[in-house]
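Fold and geometry: a report
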Amino acid sequence: MSSLSVSETAGIAQASADARVSIRVEDVSVTYRTSLEKKPTMKTTLLRLGRRERIVREIEALKHVNLEVRQGEVLGILGANGAGKSTLVRTMAGILPPTIGRVEVRGRVSTLLALGVGFNRELSGRENVTLGGLAAGLSRAQLRDKYDEIVEFAELEEFMDMPMNTYSSGMYGRLAFSVAVNMDPDILLIDEALSVGDAKFRKKSFKKMQELCAQDRTVVLVSHALGSIEELCDRAVWMHKGELQMEGEPDDVVHAYTKFLDVGEDALTMEDL
Ligand SMILES: Nc1ncnc2c1ncn2[C@@H]1O[C@H](COP(=O)(O)OP(=O)(O)OP(=O)(O)O)[C@@H](O)[C@H]1O
Ligand SMILES: [Mg+2]
């Protein structure tokens with residue numbers, strides 16, 4: 001399920017010394033703390049205390065990650081399920097504060113994340129696009145122009161006045177993608193959000209991504225679609241168990257990663273975008 005948020009982070013921008021760095025991740029660690037069960041009973045709590053067991057489980061999702069994304073660069077992030085990719089992108093989006101370390105972001109960010117703050121499903125598509133646009137700092141006039149572009153790209157004209165809880169997941173994803181890419185952000189963060197539509201829409205969104213990546217825009221793209229990473233990105237990082245395992249040319253990183261997974265070239269042809 002895709003969702004969307006757009007935020008203004010220009011305030012943090014001054015902190016960055018190097019004008020050409022869009023995102024700086026400095027020694028970032030994220031530890032999630034979760035309780036082992038939903039409702040521990042008095043008995044289990046006492047038993048645990050007796051055994052000196054910890055009731056809270058800590059998951060180190062990111063471990064001392066250092067990374068810079070330069071202005072205009074298209075960075076691909078790949079890695080196995082649970083490697084920490086979404087966590088890293090969520091810290092870049094400012095949705096998740098790092099447990100240790102700091103993240104600096106320079107520019108207006110638009111995100112399309114697998115999990116996070118999304119559309120209000122009770123509201124219509126039109127209302128959600130309006131709210132998203134205003135939250136992104138567009139004026140009413142700018143929004144009127146953008147609105148048509150967004151709806152046209154999503155091809156959802158007939159559905160814009162229906163509440164979004166009547167949308168199929170593909171329709172929801174199309175509108176989220178269309179809003180995110182049409183906001184003219186300086187920085188676009190995309191996590192696994194390109195595979196929502198049907199084949200025709202995927203082709204169209206891939207083309208749109210190619211256009212965006214060719215402009216002077218910073219893009220961070222998390223994807224299991226390794227062919228897309230090779231095709232769209234200038235640089236790739238491979239995350240493994242919360243750490244950066246490798247960083248380099250997309251082809252080299254994808255090659256090393258598929259070799260590590262032992263999946264062979266099939267993984268490249270079976271994927272979709
Ligand atoms: N909200 C959360 N609470 C507790 N643990 C979490 C939470 N979100 C993620 N984790 C844990 O953090 C680790 C990294 O998760 P993350 O979602 O960043 O992985 P990912 O690389 O995006 O994986 P995927 O390819 O499946 O999307 C995993 O071990 C996961 O269990
Ligand atoms: Mg993820």
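Notes on the structure in this doc start here. What you are looking at is a predicted structure, and each value in this text was computed from that prediction instead of being measured.

Basis of the calculations
- Residues numbered from 1 in each chain as written.
- Chains lettered and ligands numbered in written order.
- Predicted model: local features only at pLDDT ≥ 70, side-chain atom pairs only at ≥ 80, totals over all residues.
- Near = placed C-beta within 6 Å.
- Helix = DSSP H or I, 4+ residues; strand = E, 2+ residues; numbered from the N terminus.
- Nonpolar A, V, L, I, M, F, W, Y, C, P; charged D, E, K, R; others polar.
- Pairing = 2+ DSSP bridges.
- Axes fitted to C-alpha atoms, helices over the stretch in contact; angles between N-to-C directions.
- Contact = placed C-beta atoms within 7 Å.
- Buried ≥ 20, exposed ≤ 12 C-beta atoms within 10 Å, placed from the backbone.
- Expected span 1.5 Å × (residues − 1).
- Arc of directions from axis to C-beta.

**Concerning the site of ligand 1**
In the vicinity of ligand 1, the residues found are Tyr 32, Thr 34, Ile 59, Ala 61, Gly 79, Asn 81, Gly 82, Ala 83, Gly 84, Lys 85, Ser 86 and Thr 87. The greatest single-element share of the shell around ligand 1, amounting to 3 residues, is contributed by helix α3 (residues 85-93). Partitioned by chemical class, the residues of the shell around ligand 1 number 4 nonpolar, 7 polar and 1 charged.

**Quick word on unusual backbone geometry**
Note: most residues except glycine have negative phi, and most peptide bonds are trans. The backbone of Asp 27 shows a phi angle near 50°, a positive value even though the residue is not glycine. Within the secondary structure, Asp 27 sits in strand β2 (residues 21-35). The phi dihedral of His 64 falls on the positive side, at around 50°, and the residue is not glycine. Residue placement: His 64 occurs in strand β3 (residues 56-70).

**Examining the sheet that holds strand β5 (residues 100-105)**
With antiparallel pairing, 3 strands are arranged side by side in an open sheet as β3-β2-β5. Strands at the two margins of the open sheet, each flanked by one partner only, are β3 and β5. With direction set aside, neighbouring strand axes in the sheet form an average angle of 25°. Bridge count between β2 and β5: 5 bridges; the pairing is antiparallel. Bridging across to β5, Val 25 finds its partner in Val 103. On the sheet, α3 packs against β2, β3 and β5 and is oriented at approximately 120° with respect to β2.

**Quick notes on α3**
Since the α-helix packs 3.6 residues into each turn, any two residues three or four apart lie on the same face. Counting buried residues along α3, 9 of its 9 residues qualify, which places the element largely inside the surrounding structure. Turning to α3, its buried residues are Lys 85, Ser 86, Thr 87, Leu 88, Val 89, Arg 90, Thr 91, Met 92 and Ala 93. After α3 finishes, the residue Gly 94 shows a positive phi value of roughly 80°.

**Remarks on helix α7 (residues 199-214)**
Between its terminal C-alpha atoms α7 stretches 23 Å, which fits the 22 Å expected from 16 residues at 1.5 Å a residue. When we look at burial in α7, the residues that qualify are Phe 201, Ser 205 and Met 209. Down the axis of α7, the smallest arc covering the buried residues is 80°, so these residues share one side. Residues Ala 199, Lys 200, Lys 203, Lys 207, Glu 211 and Ala 214 are exposed on α7 and point more than 90 degrees away from its buried face.

Just distances and angles here, no functional claims.
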